[in-house]
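Chain by chain, the residues run as shown.
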Amino acid sequence: MSLAAEAFVSQIAAAEPWPENATLYQPLKEDQILLSDSASSLAVQTFLRMCGLPVLVSCRANAEYMSPSGKVPFIHVGNQVVSELGPIVQFTKAKGHALSDGLDDVQRAEMKAYMELVNNMLLTAELYIQWCDDYTATEISRPRYSNPYSWPLNHVLAYQKQWEIRRKMNAIGWSGKNLEQVYEDVSQCCQALSQRLGTQPYFFNKQPTELDALVFGHLFTILTTQLTSDELAEKVKSYSNLLSFCHRIEQTYFKEHEREGQFGSSRHSKSSLP
Amino acid sequence: MGTVHARSLDPLPMQGPELGVQADDMDLGEPEHEEKQEVLENKDVVVQHVHIDGLGRTKEDILTYEIADVFRANNLIDVMKKSHEARQKLLRLGIFRHVEVVIDTAEGTDALPNGLDVTFEVKELRRMTGSYNTMVGNNEGSMVLGLKLPNVFGRAEKLTFQFSYGTKETSYGLSLFKPQPGHFERNFSINLYKVTGQFPWSSLRETDRGVSTEFSFPIWRTNHTLKWEGVWRELGCLARTASFTVREESGHSLKSSLSHAMVIDTRNSTILPRKGALLKINQELAGYTGGDVRFLKEDFEIQLNKTLFWDSVLSTSLWGGMLLPLGERPSCIADRFYLGGPTSVRGFSMYSIGPQSEGDYLGGEAYWAGGVHLYTPLPFRPGRGGFGDLFRTHFFLNAGNLCNLNYGEGPRAHLSKLAECIRWSYGAGIVLRLGNIARLELNYCIPMGVQSGDRICDGVQFGAGIRFL
């Protein structure tokens, strides 16, 4: 989002309270959504739950094309449409809901740095495994991605997407990597996160921030998604404090809320952690 | 008997887009016969040979169909008439730059005393012609490159390719046209294309990539076209501010449809006719040959023209259409009908009638529109017989309605819904005919029956287009 657009959005947004019918859009849960989109969507849902903002989840086959930035998830609040975690955090902040207000400047810079790490490492690794590993792409990614479309459009769109991601990998220098190196990157990223987390309940001690939402979104999705091999999940499982961190957030923001019925019908139907 | 040259028979081109008096405006009279020719008129002649000079890559077999009639002539006037017709037929194939006819007495050993030889001197079009244009408009500049290969395989097949490279959009079209030898109206064509359209009234952008095959043939006085089309359509929002209803329609769809069109046209001209009628019926069935869009679409167009006193013409027209979505999916914004604007219901903005969401018009599943026009020559008739004849003044009354139908309600409810809240307008203006393909209008309009949400254009409205109510 450009600076001007961002300023405009926050100006408008500040004027109106958070409506009851705010909706989050993502691809079809059962048949279409891929690991990376599912992780991003869960991160946004977690963030909104941490803020105490109710949101309905709507699954649409064309969610990716409805999004103004071409990326999922996006939220429709009032007459505003905002996509991806970063802009959504800005948007809720303009409405007076923020998680990172208690942090000082150094901590905030640190939080941004770790969020960049997760986006550059975990998200990129997920995209690499989905689209650059031929076996995963053939068995899972292409059939799922193109599920709602009829022949021959399904093949066209799936290969178009694969080509786009591979071009992106080329641009950032990941195309030369093999699967082992990517798993190694994931492992290093997890190690960095694990060290930063230590024994605290959240990354910045007692108070959850958007970093916690982002890390939970990715790790929980990796742990609970069936891929062609379990190696990715195994890398994450070797860090026990990250596992208990995922447990804790799931318990606090998804299980408890469901029990209280605060959010009405929650659509979060992921299986529990091992 | 001397040589009769028929070169100057008819210098008119087949149908040119140039301004000026059109062939269809004049009642083509018989060539005038001088006293000298009357003597020849009754004399029996036999056409012994027909030559075609100047053929290069054209195959002769397709030309024999066109010139066969010349052999059936049995007096000189008939020979001239038939040769003239054959010349017209040859020109219509669109493969010759010019065709000249020479009628001479027969020569050679087998020549009969009353034998004639007819020679068509033709000049073929170049193997390939190209064009290059630049266009500027709507904050967009584009470069259009065209290539045309007339007569590509020697039997009047035509291959055309057009490529437009713009600052915003790129589009192209490739088309192959093949007529049946001897029946030019019976033809087949294949098209491959990509087009991008921006529809600001709906905040919608549409990119279509498609392939279509078409088969056209005449039956009695009607022309039929059968068509199969497969289109990959990509819809998107034009701006961030597009309404959410339009945003929900974004994405990809695949339409595969069979359609049939029937046309009866007895008008003397397609733009500003003075007499005759037009009936067009179009039906499209999508979804049974694949794809993920299923609907049945019917629409028609009727126009009647009658010349009244002082060269004025009364023209009435009626359009209507209905879209029936099949299956549980609702109709797509790209398939629905739109109404309003200087080419349909005047006095309203372009396609700005009917259902809308936050200022974006969504179109409707049923519509009708009717118009009555009185065309008269310009007051005091300046430039009569020349440039002034391209202009007409007109007085019009338009009406129409566009809405969505609930198909559970039955036909009676549909009709009453279409009869409610009719938009109408009246006014007067000037019409300029551009060749025989388009026209420009400058009108003063008074819109009536405006419903909330409609965007009107009260007062002076300018319009350009090829299809007019």
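Residues numbered from 1 in each chain as written. Chains lettered and ligands numbered in written order. Predicted model: local features only at pLDDT ≥ 70, side-chain atom pairs only at ≥ 80, totals over all residues. Heavy atoms only, no water.

- Under an unreviewed UniProt entry, chain B has the name POTRA domain-containing protein and belongs to Phoxinus phoxinus.
- Listed under Subcellular location (unreviewed entry) in UniProt, the entry text for chain B is "Mitochondrion outer membrane". (UniProt positions renumbered as here; feature names shortened; annotations may be inferred.)

- Per an unreviewed UniProt entry, chain A is named Metaxin-2, and its organism is Phoxinus phoxinus.
- The Subcellular location (unreviewed entry) field of the UniProt record for chain A holds the comment "Mitochondrion outer membrane".
- The record held by UniProt for chain A lists under Sequence similarities (unreviewed entry) the comment "Belongs to the metaxin family."

Topic: the overall build of chain A
For step 1, the next point in the chain: When helices and strands are tallied, chain A shows eleven helices and four strands.
For step 2, the next point in the chain: Counting all 274 residues of chain A, 50% fall into the buried class.
For step 3, the next point in the chain: For chain A, the proportion of contacts with a sequence separation of at least 24, taken over those separated by at least 6, is 76%.
For step 4, the next point in the chain: In the form shown here, chain A has an accessible surface area of approximately 12400 Å², with 49% of it arising from carbon and sulfur atoms. (Helix = DSSP H or I, 4+ residues; strand = E, 2+ residues; numbered from the N terminus. Buried < 20%, exposed > 50% of the residue type's maximum accessible area, 1.4 Å probe, protein only. Contact = heavy atoms within 4.5 Å. Areas by Shrake-Rupley, 256 points an atom, 1.4 Å probe, with all protein chains shown as cover.)

Digging into the overall build of chain B
For step 1, the next point in the chain: The secondary structure content of chain B amounts to five helices and 22 strands.
For step 2, the next point in the chain: For chain B, the share of sequence-separated contacts (at least 6 apart) that also reach a separation of at least 24 residues comes to 58%.
For step 3, the next point in the chain: Of the accessible surface of chain B, which amounts to about 24300 Å², a share of 58% is contributed by carbon and sulfur atoms.

Quick look at the packing of aromatic side chains
For step 1, the next point in the chain: According to the stated counting rule, one finds 17 aromatic pairs over all chains in the structure shown.
For step 2, the next point in the chain: Positioned above the aromatic ring of tryptophan 174 of chain A is the side chain of lysine 177 of chain A, whose terminal nitrogen or guanidinium carbon lies 3.9 Å from the ring centre. (Phe/Tyr/Trp six-rings, centres within 6.5 Å; stacked < 30°, edge-to-face > 60°. Lys NZ or Arg CZ within 6 Å of the ring centre and 35° of its normal.)

Regarding the interface of chain B and chain A
In many analyses, interface size is given as the accessible surface area lost on bringing the parts together.
For step 1, the next point in the chain: Every contact between the two is made by 13 residues of chain B and, on the other side, 19 residues of chain A.
For step 2, the next point in the chain: The junction of chain B with chain A conceals about 1400 Å² of combined surface from both sides, 61% of it contributed by carbon and sulfur atoms.
For step 3, the next point in the chain: Three residues stand out in chain B for area buried against chain A, namely Arg240, Phe244 and His252 of chain B, and they jointly supply 41% of the buried area on that side.
For step 4, the next point in the chain: Joining chain B to chain A, the criterion identifies one salt bridge.
For step 5, the next point in the chain: At the boundary of chain B with chain A, the tally comes to six residue pairs in polar contact (both at pLDDT 80 or more).
For step 6, the next point in the chain: Taken together, the elements giving at least two residues each to the side of chain B that touches chain A come down to helix 4 (244–248) and strand 12 (251–265) of chain B.
For step 7, the next point in the chain: Looking at the side of chain B that touches chain A, the element that brings in the most residues is strand 12 of chain B, giving four residues.
For step 8, the next point in the chain: Classifying every residue of the side of chain B that touches chain A gives three nonpolar, five polar and five charged. (Buried area = accessible area lost by both parts, 1.4 Å probe. Salt bridge = Lys/Arg side-chain N within 4 Å of Asp/Glu carboxyl O. Polar contact = N/O pair within 3.5 Å; in protein donor to acceptor, adjacent residues only side chain to side chain. Nonpolar A, V, L, I, M, F, W, Y, C, P; charged D, E, K, R; others polar.)

Quick look at the environment of valine 82 of chain A
For step 1, the next point in the chain: Along the chain, the position of valine 82 of chain A falls in strand 4 (residues 80–83).
For step 2, the next point in the chain: Spatially, the C-alpha atom of valine 82 of chain A lies 7.9 Å from that of serine 67 of chain A, the residues being 15 residues apart in sequence.

As for helix 7 (residues 153–171) of chain A
For step 1, the next point in the chain: Its 19 residues give helix 7 of chain A an end-to-end C-alpha distance of 27 Å, which sits within 8% of 27 Å, the value for a rise of 1.5 Å per residue.
For step 2, the next point in the chain: Looking at helix 7 of chain A, one finds that the buried residues are Leu153, Asn154, Leu157, Ala158, Lys161, Gln162, Ile165 and Met169 of chain A. Buried residues of helix 7 of chain A fall within an arc of 160° about the axis and therefore sit on the same side. Within helix 7 of chain A, the exposed residues directed more than 90 degrees away from the buried face are Trp163, Asn170 and Ala171 of chain A.
For step 3, the next point in the chain: In the core, the buried residues of helix 7 of chain A are packed alongside helix 3 (63–66), helix 5 (105–131) and helix 6 (134–145) of chain A together with strand 11 (222–237) and strand 12 of chain B.
For step 4, the next point in the chain: Of the residues trailing helix 7 of chain A, glycine 173 of chain A is marked for its positive phi of about 80°. (Expected span 1.5 Å × (residues − 1). Arc of directions from axis to C-beta.)

As for the side chain of glutamine 162 of chain A
For step 1, the next point in the chain: Residue placement: glutamine 162 of chain A occurs in helix 7.
For step 2, the next point in the chain: A polar contact is formed between the side chain of glutamine 162 of chain A and the side chain of arginine 142 of chain A, at a distance of 2.7 Å.

Some details on the UniProt feature "domain: Metaxin glutathione S-transferase" (unreviewed entry) in chain A
For step 1, the next point in the chain: Per the UniProt record, "domain: Metaxin glutathione S-transferase" (unreviewed entry) is found at residues 187–249 of chain A.
For step 2, the next point in the chain: Between the first and last C-alpha atoms of residues 187–249 of chain A the distance is 21 Å; the span itself is 68% helix and 0% strand.

Focus: the packing of helix 2 (residues 35–51) of chain A against helix 4 (residues 85–94) of chain A
Residue and element names in this part refer to chain A.
For step 1, the next point in the chain: Running from amino to carboxyl end, helix 2 crosses helix 4 at an angle of 15°, the nearest separation of the two axes being 10 Å. The angle between helix 2 and helix 4 falls in the class roughly parallel. Crossing of helix 2 against helix 4: the hand is right-handed. Contact residues: Ala43, Val44, Phe47 and Leu48 in helix 2; Leu85, Ile88, Val89 and Thr92 in helix 4.
For step 2, the next point in the chain: Partitioned by chemical class, the residues of the contact of helix 2 with helix 4 number seven nonpolar, one polar and no charged. (Axes fitted to C-alpha atoms, helices over the stretch in contact; angles between N-to-C directions. Parallel < 35°, antiparallel > 145°, perpendicular 65-115°, else oblique. Left-handed = near helix turned anticlockwise from the far one by under 90°.)

Observations concerning the UniProt feature "domain: POTRA" (unreviewed entry) in chain B
For step 1, the next point in the chain: UniProt's feature table lists "domain: POTRA" (unreviewed entry) at residues 45–125 of chain B, given in the numbering used throughout.
For step 2, the next point in the chain: Helix makes up 31% of residues 45–125 of chain B and strand 35%. Its end C-alpha atoms lie 33 Å apart.

A word on the confidence of the model for chain B
Residue and element names in this part refer to chain B.
For step 1, the next point in the chain: When pLDDT is averaged along chain B, the result is 84, and 90% of the positions lie at 70 or above.
For step 2, the next point in the chain: Across residues 1–38 the pLDDT falls below 50, and counting only partners more than four positions away or on other chains, this stretch makes 47 contacts in the model.
For step 3, the next point in the chain: Prediction confidence for the complex, expressed as pTM and ipTM, is 0.81 and 0.83 respectively. (pLDDT = per-residue confidence, 0-100.)

Some words on the pairing of strand 1 (residues 23–26) of chain A
Residue and element names in this part refer to chain A.
For step 1, the next point in the chain: The two faces of strand 1 match: Thr23 and Tyr25 on one face and Leu24 and Gln26 on the other face are all buried.
For step 2, the next point in the chain: Pairing analysis gives four bridges linking strand 1 to strand 2 (residues 56–59), with the strands arranged parallel. Bridged to tyrosine 25 within strand 2 is serine 58.
For step 3, the next point in the chain: Between the parallel elements strand 1 and strand 2, the chain passes through helix 2 in a crossover that is right-handed.
For step 4, the next point in the chain: Summarising the sheet, strand 1 and strand 3 (residues 74–77) pair through three bridges and their orientation is antiparallel. Considered in strand 3, the bridge of tyrosine 25 is made with phenylalanine 74. (Pairing = 2+ DSSP bridges. Right-handed = clockwise from strand over helix to strand, strands pointing away.)

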